[in-house]
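What follows is the residue order along each chain.
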Amino acid sequence: MPFVPQPRHRAARMVVVSALTLLLIAAAAAAQTPALLDYRTESWFVPQTPGVTAGPVGGLFNPGAFALTDRAGTDVWMDDRDGHLSFNHFGLATGRRVNLAFNRSLVDWQGGQAAINDWQIGVAGGNRAGAVGLAYRFAGGAPADALRDRALVLGLVSRPTRWLTIGASRAQSLQADAAQNLFDLGLRPLATPWLTLFGDWTVDDGTVFGRGNWGAGFEVRPLRGLHVGLRARERLDGRDPDVAVMVGVSGATGHLAALSVMDADQDVMQTSFLSRSDPPFAGREKDGLFGSRTTYVALDLQKRVLTYQKYRWLDDDHIAWLDLLAQLEAVRDDSRLDILALNLAGFQGRPSLLWEMRRELQKIRDTGKRVVIYADRLNLGTMYLAAVADRLVLDPQGEVSLPGMALSRSYLKGTLEKVGLGFQEHRYYKYKSAVETLSRDSMSDADREQRQRVVDVAYETWRDGIAAGRGRSAAAVDAAVDSLGFLTPGEALAAGLIDQVGRWDQMLNDLRKDGARPGRWPQAVGRTWYDEQWGLPARIPVVFLVGDCAMDSGINGRRTSAWLRKLIGDPTVKAVVLRADSPGGDPLPSDLVADAVRALREAGKHVVVSQGDVAASGGYWISMDGSRILTTPVTITGSIGVISGWLWDDGLSTKAGVTAESVQRGRHADLYSEIGLPMLGGVPRRPMNEEELARTEHVIRGMYDQFVQAVARGRGLDAAAVDSVAQGRVWMGEDAIARGLCDQVGGLSDAIAEARRLAGIPDGQEVTLVEYPPRPLVRLPQFGPRLGALAGFGLLGGLLDGAAQRVLAAVGGDPAAIETAGDNAGALRAIGFADLEAHWLEPFGREPGRPRAVIHPDELPADWRRLAARGDPSG
């Protein structure tokens, strides 16, 4: 959702000014008795004052109250003034932004009694800090023309802090110069719902303001779901006030309250009953209002991909991590639930998110609850996730695929020579191996060293997690990997990797046979309780920096840095969480984001960084200035270094039969002169000379020194210490912690908790998480490859083989070709390159010679690359 700066203060000022305006109108109006629904005698079904009660029932007397709840609900009331409950004293209110209210009562009429029906239709809007509503009220029934005027009702409510509510409303007759004005106040001395004090003042136009009628009371909530209170109201005849005792209970299905009204002699005059379908407060976690204990809930994640964000509409393939996290936390905290049943058939996710999800499932188990999981096909990562279960069920036609883990790399040096392209590697740091794929035909010792460490740590993390979850030794899991690799359900059962062979419905049937009963999802899922905490909660933006470091794609350095800077002056933002999942790229957008992070910290707002699958090179650049950096054991980070390369025509144009000439001014202007290839763009015509290479080295070394110095400042380290762990070396998460590059192991939920702690937000106090970028609206269908991208290769297809065509795709830079194909990476995808490789190769042709803070995507294991490129809406 878009961020709106300072709504709390605007709403508060609006309501206070409007309340003062109503007060002046009331004081100045001429005297005339209003023929209106009278709040003083007809509101005993409202538990507190309208602004404090909020929701539909409060909206009958203050239309702004309709908007002070997170969803539309229906409230129904009835009393026994006739000696028994009857529809002669009955009403209901429903809706939120568009709303309807009805109240029926008996009145004295022509020597007897007759029913009068008051109707109200209105609109309301606002947020938790304040709301405004306007309604049209009219009446029906025999005495309506004589006893009721048509009226407009304006209502406003302000909740500027967690301890204060201010309300004001005016019912203005449309048939006479008459109105009734209502002002109400709520106080919470402890800033919690445990104790609420409230009062109101009602005055008709023409009555001296000080001679209005008062009402007051209190409510306590000693236990969740239990409401007890007292409400007193001044009588119109001047006798001692009437007093109502209120008792209410709330649960998963709603709220029920009873108010017994007594006169000065303590005789009960009437009892009003109120039922609320969706009250603005949480209830007791039971099935039904007084319901019995339930046992399990089922969460079906079949064929879902766990991602950072998802499309708002038409996206059933993804599940956003913050959405799933809220569900898992609700199950963990719900005392009525014993078992969580998960369907993981076809489930996939980013490795860092699988690691985080397992931690959250373990937290559920740590409360004494059980987790049972069904799966059909498991690989190393999903087996690690599923191994946390108390009972793991595998489909009879399923499999467990545990071949181990490997990192491979393809080298194109020979291909470039065959095609007629030359490549100069601008590499000055031992481990910065991103362009080895273009400059070498084999793996360097330094690259082999760091890649082997990536494989060892990732494999051991998955293996040890599987062993711990399944109660096996690490050696036993190694044996299954080395001797079997691919396990049938029977083999997996014999190896102790699963508990049972069966299907999802059979697993649920087994739970029921064991005495478990299905239950409702916790109330907290999908709800925001406006009454649990008045006013706007503190806001913690969660910013997803996913994809390559680019100005207008990937991490969107230009827009993201500007948005972060806007948070500096927003008083509702107490801290910021950044999720960094980027292999790097262009240093400029990386530094724009890093500079915005520094500005936030200088303004006193903590920034906590949570690293995902990869936060290396430019991805570490955007992390280094965080107040705290949290990483995971399977995160690839570090790679503090800069690299570049130069691709030029070394005979390609001769093979293609293309010639070119140019004129120039400037000694080095011809360096960027290109040989153009039809529909493909251009390639620089010559290599860099010694002078140009020296200049390039000077620039890259200068950028590297800046990078090292920036890391030293951000992490509070000595520059020499940073240089010793830099040199382009990638580190796994815990290795990075040991070297001072990160602070602790943790996931996104831990980063949010750390941001709360650093901001001084107490446990139990609500916060609002604001996602950036906003989730995209709708997922549009895609129909096959871009035909334009394929067409661009037809003219040279007969001259060059498939390998040569792939290399040519990386160097295309002609605007016409880009317009036709969409982008050069699109052309690469069309002829068989994976998305990540295509995005990595394309800038070397589009921006030849530009230094880049990036790692090659083949430094990530195959599962990382496959899942990271599968259409995550966040990147």
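Residues numbered from 1 in each chain as written. Predicted model: local features only at pLDDT ≥ 70, side-chain atom pairs only at ≥ 80, totals over all residues. Heavy atoms only, no water.

Along the chain, the regular secondary structure elements total 29 helices and 37 strands. Residue burial in the chain is summarised as follows: out of 875 residues, 57% are buried. Put simply, of all contacts in the chain between residues at least 6 apart along the chain, 67% involve residues at least 24 apart. If you sum the accessible surface of the chain, you get close to 34,500 Å²; carbon and sulfur atoms cover 53% of it. (Helix = DSSP H or I, 4+ residues; strand = E, 2+ residues; numbered from the N terminus. Buried < 20%, exposed > 50% of the residue type's maximum accessible area, 1.4 Å probe, protein only. Contact = heavy atoms within 4.5 Å. Areas by Shrake-Rupley, 256 points an atom, 1.4 Å probe, with all protein chains shown as cover.)

Across the interface, helix α15 (residues 557-566) lies against helix α16 (residues 587-602) with an axial gap of 8 Å and an inter-helix angle of 5°. Our classification of the angle between α15 and α16 gives roughly parallel. Between α15 and α16, the residues in contact are Gly557, Arg558, Thr560, Ser561, Leu564 and Arg565 and Pro589, Leu592, Val593, Asp595, Ala596, Ala599 and Leu600, respectively. When its residues are assigned to classes, the contact of α15 with α16 shows seven nonpolar, three polar and three charged. (Axes fitted to C-alpha atoms, helices over the stretch in contact; angles between N-to-C directions. Parallel < 35°, antiparallel > 145°, perpendicular 65-115°, else oblique. Nonpolar A, V, L, I, M, F, W, Y, C, P; charged D, E, K, R; others polar.)

Right, let's get into the pattern of salt bridges. Inspection of every chain in the model, using the stated rule, returns 52 salt bridges. The partner of aspartate 38 in a salt bridge is arginine 40, and the shortest N-O contact between them spans 3.0 Å. Here the two residues aspartate 38 and arginine 40 agree in accessibility, since each one is buried. With its nearest N and O atoms 2.7 Å apart, the salt bridge here joins glutamate 692 to arginine 686. (Salt bridge = Lys/Arg side-chain N within 4 Å of Asp/Glu carboxyl O.)

What follows deals with the nonpolar core. Leu342, Leu344, Met357, Leu361 and Ile373 are the most contacted members of the largest nonpolar core, which has 65 residues in total. Setting aside its immediate chain neighbours within four residues, leucine 342 contacts Leu299, Leu301, Met357, Leu361, Val371, Val372, Ile373, Tyr374, Trp504 and Met507. (Core = buried A, V, L, I, M, F, W, Y, C linked by side-chain atoms within 4.5 Å.)

Turning to helix α12 (residues 474-483), a few remarks are in order. Along α12, the positions that sit buried rather than exposed are Val477, Ala480 and Val481. Mapping the buried residues of α12 onto a view down its axis gives an arc of 100°, with all of them on the same face. Looking at α12, the residues exposed on the side facing more than 90 degrees away from the buried face are Ala475, Asp482 and Ser483. Looking at the buried residues of α12, the elements they touch are α11 (445-470) and β23 (486-487). Where α12 terminates, the next one or two residues include glycine 485, which has phi positive at roughly 75°. (Arc of directions from axis to C-beta.)

The next thing to look at is the packing of aromatic side chains. Here the structure, examined in full by the defined rule, presents 15 aromatic pairs. Residues phenylalanine 87 and phenylalanine 90 carry aromatic rings whose centres are separated by 5.0 Å and whose planes lie at 65° to one another, so their mutual orientation is edge-to-face. The class for phenylalanine 90 is buried, based on a relative accessible area of 15%. Members of the aromatic cluster, joined through ring pairs, are Tyr39, Phe45, Phe61 and Trp77. The aromatic ring of tyrosine 384 is capped on one face by arginine 358, whose charged end is 4.6 Å from the ring centroid. The ring of tryptophan 731 has arginine 729 sitting right over it, with the charged end atom 4.3 Å from the ring centre. (Phe/Tyr/Trp six-rings, centres within 6.5 Å; stacked < 30°, edge-to-face > 60°. Lys NZ or Arg CZ within 6 Å of the ring centre and 35° of its normal.)

On to the pairing of strand β21 (residues 391-401). Across a regular strand the side chains alternate sides, sitting on one face of the sheet and then on the other. In the sheet, strand β20 (residues 370-378) pairs with β21 via six bridges, with the strands oriented parallel. Residue arginine 377 lies in a different strand from β21, and its bridge partner there is glutamate 399. In terms of handedness, the path from β20 via helix α8 (residues 380-386) over to β21 forms a crossover that is right-handed. Taken together, the two bridges between β21 and strand β24 (residues 500-501) define a ladder with parallel strand orientation. The partner of valine 393 across the bridge, within β24, is glutamine 500. Judged from the two bridges that link them, β21 and β23 form a sheet pairing that is antiparallel. Counted as the bridge partner of valine 400 is leucine 487 from β23. (Pairing = 2+ DSSP bridges. Right-handed = clockwise from strand over helix to strand, strands pointing away.)

Judged by pairing direction, the sheet is parallel, and its three strands sit side by side in the order β17-β16-β19 without closing on themselves. Bordering the open sheet on either side are β17 (318-320) and β19 (348-349), each of which pairs with just one other strand. The pairing of strand β16 (residues 305-307) with β19 spans two bridges and is classified as parallel. The residue bridging valine 305 from the neighbouring strand is glutamine 348, located in β19.

Right, let's get into unusual backbone geometry. Comment: phi is negative for the bulk of residues other than glycine, and the bulk of peptide bonds are trans. For the bond from tyrosine 772 to proline 773, the omega torsion is 0°, close enough to zero to count as cis. You can see proline 773 is positioned in the loop between β36 (767-772) and α23 (787-791). Backbone geometry places glutamine 266, a non-glycine residue, at a positive phi of 65°. By the secondary structure assignment, glutamine 266 is in the loop between β13 (254-262) and β14 (268-276). Backbone geometry places leucine 314, a non-glycine residue, at a positive phi of 55°. Here leucine 314 is to be found in the loop between β16 and β17. Taking the relative accessible area as the measure of exposure, leucine 314 reaches 66% and is therefore exposed.

This paragraph deals with the confidence of the model for the chain. The pLDDT averaged across the chain works out to 85; a share of 83% of its residues lies at or above 70. Looking over the chain, one finds the lowest element-wise mean pLDDT in helix α25 (residues 815-821), namely 29, and the highest in strand β29 (residues 628-631), namely 98. Within the model, the stretch residues 287-291 combines pLDDT values under 50 with 17 contacts to residues more than four positions away or in other chains. Across residues 783-833 the pLDDT falls below 50, and counting only partners more than four positions away or on other chains, this stretch makes 89 contacts in the model. (pLDDT = per-residue confidence, 0-100.)

Below, the discussion takes up the environment of phenylalanine 544. Residue position: phenylalanine 544 is located in strand β25 (residues 538-546). By relative accessible area, phenylalanine 544 is classed as buried at 3%.

The next point concerns the side chain of glutamine 450. You can see glutamine 450 is positioned in helix α11. A polar side-chain atom of glutamine 450 sits 3.0 Å from the main-chain carbonyl oxygen of tyrosine 431. A polar contact is formed between the side chain of glutamine 450 and the side chain of aspartate 447, at a distance of 3.1 Å. (Polar contact = N/O pair within 3.5 Å; in protein donor to acceptor, adjacent residues only side chain to side chain.)

On to α11. Counted at 1.5 Å a residue, the expected span for α11 with its 26 residues is 38 Å, and the 37 Å between its end C-alpha atoms agrees. Looking at the residues trailing α11, positive phi occurs at glycine 471, about 70°. (Expected span 1.5 Å × (residues − 1).)

In this structure the C-alpha to C-alpha distance between leucine 314 and valine 778, which are 464 residues apart in sequence, comes to 6.0 Å. Excluding residues within four positions of it along the chain, leucine 314 makes contact with Val778 and Arg779.

In the contact formed by α11 and α12, the axes pass within 8 Å of each other and the chain directions differ by 115°. Accordingly, the angle class assigned to the pair α11 and α12 is roughly perpendicular. Here α11 runs over α12; the crossing is right-handed. Counting all contacts with α11, which are made through Tyr459, Arg463, Asp464, Ile466 and Ala467, the residues of α12 involved are Ala474, Val477, Asp478 and Val481. (Left-handed = near helix turned anticlockwise from the far one by under 90°.)

With that out of the way, let us pick up the side chain of aspartate 242. Within the fold, aspartate 242 resides in strand β12 (residues 242-251). With a relative accessible area of 9%, aspartate 242 lands in the buried category. At a separation of 2.9 Å, a polar atom in the side chain of aspartate 242 contacts the side chain of arginine 235. Residue contacts for aspartate 242: discarding those within four places in its chain leaves Trp44, Arg231, Ala232, Arg233, Arg235, Val261, Met262, Asp263 and Met269.

Right, let's get into the environment of histidine 255. Topologically, histidine 255 is positioned in strand β13. Taking the C-alpha atoms as reference points, histidine 255 and arginine 276, 21 residues apart in sequence, are found 5.0 Å from one another. Beyond its immediate stretch of four places on either side in the chain, histidine 255 contacts His227, Gly248, Val249, Ser250, Leu274, Ser275, Arg276, Pro279 and Phe281.

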